[in-house]
Amino acid sequence: MAHRKKIKDLFQRLEKEAADYPLEHVRLTDGGEWWQGLFLFDVQLPETRKNFLISTISRLSGHSVPAGKNSLARKGSCQVSPEERAQLFSFLKQGGGADK
Amino acid sequence: MALQSGPHIISFSSGKGGVGKTTVAVNIAVCLSREGKRVLLIDGDLGLANVDVVLGLDVRHTIRETVEDGRDLRDTLVEISPGFFVLPASSGVPEMTRLSREDQELLLKALEGVTGNFDYVLVDTAAGIGESVLWFNNWVNSHCIIFSPDPTSMTDAYALMKVLTTRYDKKNFLLIVNQVQSGKEGKAIFSNMERVLAQFLDIKPEFLGAIPRDNAVVRAIRSQKPFLQTEPDSRAGRALKRICISLTEGLNGS
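Since this is a predicted model, take the numbers as computed values, not measurements.

*Asks:* Just checking my understanding: could you explain the nonpolar core for this structure?
*Replies:* Nonpolar side chains in soluble globular proteins tend to be buried together. Residue and element names in this part refer to chain B. Judged by nonpolar contacts, the single largest core of 37 residues is most densely connected at Ile-28, Leu-41, Leu-122 and Ile-176. Looking at this core element by element, the count peaks at eight residues for helix H1 (residues 21–34). Discounting chain neighbours no more than four positions away, the residues touching Ile-176 are Val-24, Ile-28, Cys-144, Ile-145, Ile-146, Phe-147, Leu-208, Gly-209, Ile-211 and Ile-243.

Quick look at the structure:
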């Protein structure tokens, strides 16, 4: 399956780059898309090691990894949208709450 | 980083610069130490440090020497008053804003070596959403976000929280609205931010309080002293003390 091959390729590249890091803490889980639910960090793994794995996985896969969620999310999802801005500023257009 | 059994480690970030982040962090540190707590204030703006300027310190050693020369971080601690210590950073050193993975780990270990002796560790981060800001925020337990009624400040604070939530799964946001005209304005601005955060990011921030525009703050900054020390009963001073109570009660779950 293409799904499996992508995972295998990613792991091979990860292994090459993270030779000194405990890859046994990285596990496959059930994800709908190949990039979903790929990783499960052991809770005992030091935070700095998790951070290294997260950033390496993120760079190799092209997707960001929210720490603690053990799954991947699409990159670029952090950009503030026009709808969010509109909601932030709607308050100012209503008078801003300042005492008159 | 989960350090629930150790000190409360709190970052002070804003997104936008110039909203009073360092001034607030310094005065909260002063307030906590006056309550008898042992407080460490880390200048997390590693390349453009300001904590020493706000406190009028004559700094001889900084965090930089730990990263570059392996100097023991305990020898860099500056005692400001009984129980209140500062870890100064360097100014005008761009290299310190983009530490290698190895240097980050070295600094992290060094910091963890000194934080255990304190009740509260406050990290005054740089402005923006650069690597060091995200790195420090990933390290702490709680995130104090400071913003002003300025639309650019609100946008940047929201953007920072969005990055921390989306990429780092951070949710413990404590909000302070600085430079408000009135308490009513501060509460209204918080409520608006709270609504947008709930709607788009599904997170519920905590309101620590608002600090009014006050010339007492301006005078204190120019004299390089905390306003809680120079004019403790000013409007800003009273607001800061209320924020300090909210912070300690919130962190201790009361």
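Text resumes after the structure shown.
*Asks:* When you look at the pattern of salt bridges in this model, what are you seeing that I'm missing?
*Replies:* Oppositely charged side chains are able to pair whenever their charged atoms sit close together. Residues and elements named next belong to chain B. For the structure on display, the rule yields eight salt bridges over all chains. Among the salt bridges present, the one from Lys-21 reaches Asp-124, with a minimum N-O distance of 3.4 Å. Taken as a pair, Lys-21 in helix H1 and Asp-124 in strand E5 (residues 120–125) lie far apart in primary sequence, 103 residues in all. We note a salt bridge from Glu-231 to Arg-219, for which the minimum N-O separation is 2.8 Å. Of this pair, Glu-231 sits in the loop between helix H9 (227–230) and helix H10 (235–251) while Arg-219 sits in helix H8 (residues 215–222), and the two are 12 residues apart along the sequence. Its relative accessible area of 46% is what places Arg-219 among the partly exposed residues.

*Asks:* Any chance you could explain the environment of Glu249(B) here in plain terms?
*Replies:* Along the chain, the position of Glu249(B) falls in helix H10. With 137 residues separating them along the chain, Glu249(B) and Glu112(B) place their C-alpha atoms 24 Å apart.

*Asks:* Would you mind showing me how to read helix H5 (residues 131–139) of chain B here?
*Replies:* Residues spaced three or four apart along an α-helix face the same direction, because each turn holds 3.6 residues. Most of H5(B) sits out of view: eight of its nine residues are buried. Inspection of H5(B) places Ser132(B), Val133(B), Leu134(B), Trp135(B), Phe136(B), Asn137(B), Asn138(B) and Trp139(B) among the buried residues, and these make up the whole buried set.

*Asks:* Looking at this model, I keep getting lost on the confidence of the model for chain B. Mind explaining?
*Replies:* The predicted structure's coordinates, where accompanied by low pLDDT, should not be read in detail. Taken as a whole, chain B shows an average pLDDT of 92; of its residues, 98% reach a score of 70 or greater. Overall fold confidence (pTM) sits at 0.78, and the ipTM for the predicted complex is 0.82.

*Asks:* I keep staring at the sheet that holds strand E1 (residues 8–13) of chain B and nothing clicks. Help me out?
*Replies:* Strand pairing in a sheet relies on backbone hydrogen bonds. The paired strands run either parallel or antiparallel. Residue and element names in this part refer to chain B. One open sheet holds the eight strands; their spatial order is E3-E4-E2-E5-E1-E6-E7-E8, and the pairing between them is mixed. Every other strand in the sheet has two partners, leaving strand E3 (78–81) and strand E8 (206–212) as the edge strands with one partner each. Direction aside, the axes of adjacent strands within the sheet are offset by 20° on average. The sheet contact formed by E1 and E5 spans five bridges and is parallel. Following the sheet pairing, Ile-10 is matched in E5 by Leu-122.

*Asks:* Can you help me understand the packing of helix H6 (residues 151–168) of chain B against helix H7 (residues 183–201) of chain B in this one?
*Replies:* When two helices pack together, their arrangement is given by the angle between their axes and by how far apart the axes lie. Residues and elements named next belong to chain B. Their axes nearest at 12 Å, the elements H6 and H7 cross at an angle of 35°. Of the two possible hands of crossing, H6 and H7 adopt the one that is right-handed. Side by side, H6 and H7 meet where Met-154, Ala-157, Tyr-158, Met-161, Lys-162 and Thr-165 of the first sit next to Ile-189, Met-193, Val-196, Leu-197, Phe-200 and Leu-201 of the second. Grouping the constituent residues of the contact of H6 with H7 by class yields 10 nonpolar, one polar and one charged.

*Asks:* Mind showing me how you'd approach the pairing of E5(B) here?
*Replies:* Sheet faces and side chains relate simply in a regular strand, where the side chains alternate between the two faces. All names here are of chain B. Counting buried residues in E5 gives six out of six residues, a clear majority hidden from the surface. By the alternation rule, side chains of E5 split into Tyr-120, Leu-122 and Asp-124 and Val-121, Val-123 and Thr-125, which are all buried. For strand E2 (residues 39–44) and E5, the ladder comprises six bridges, and the chain directions are parallel. Counted as the bridge partner of Val-39 is Tyr-120 from E5.

*Asks:* Help me out: how do you make sense of the packing of aromatic side chains in this one?
*Replies:* Note on aromatic pairs: each is described by the distance of the centres and the angle between the planes. Residue and element names in this part refer to chain B. In total, this model carries three aromatic pairs over all chains according to the counting rule given. Seen from their ring centres, Phe-85 and Phe-118 are 5.6 Å apart, and the 70° between their planes marks the pair as edge-to-face. Taken together, the residues span a long stretch of sequence, with Phe-85 in strand E4 (residues 84–87) and Phe-118 in the loop between helix H4 (101–115) and E5 at a distance of 33 residues. Given the relative accessible area of 5%, Phe-118 is considered buried. When the ring of Trp-135 is compared with that of Phe-136, the centres are 4.9 Å apart and the planes differ by 65°; the resulting orientation is edge-to-face. Each member of the pair, Trp-135 as well as Phe-136, is classed as buried. Sitting over the ring of Phe-118, Arg-38 keeps its end group 5.3 Å from the ring centre.

About the cut-offs
- Residues numbered from 1 in each chain as written.
- Chains lettered and ligands numbered in written order.
- Predicted model: local features only at pLDDT ≥ 70, side-chain atom pairs only at ≥ 80, totals over all residues.
- Heavy atoms only, no water.
- Core = buried A, V, L, I, M, F, W, Y, C linked by side-chain atoms within 4.5 Å.
- Buried < 20%, exposed > 50% of the residue type's maximum accessible area, 1.4 Å probe, protein only.
- Helix = DSSP H or I, 4+ residues; strand = E, 2+ residues; numbered from the N terminus.
- Contact = heavy atoms within 4.5 Å.
- Salt bridge = Lys/Arg side-chain N within 4 Å of Asp/Glu carboxyl O.
- pLDDT = per-residue confidence, 0-100.
- Pairing = 2+ DSSP bridges.
- Axes fitted to C-alpha atoms, helices over the stretch in contact; angles between N-to-C directions.
- Left-handed = near helix turned anticlockwise from the far one by under 90°.
- Nonpolar A, V, L, I, M, F, W, Y, C, P; charged D, E, K, R; others polar.
- Phe/Tyr/Trp six-rings, centres within 6.5 Å; stacked < 30°, edge-to-face > 60°.
- Lys NZ or Arg CZ within 6 Å of the ring centre and 35° of its normal.

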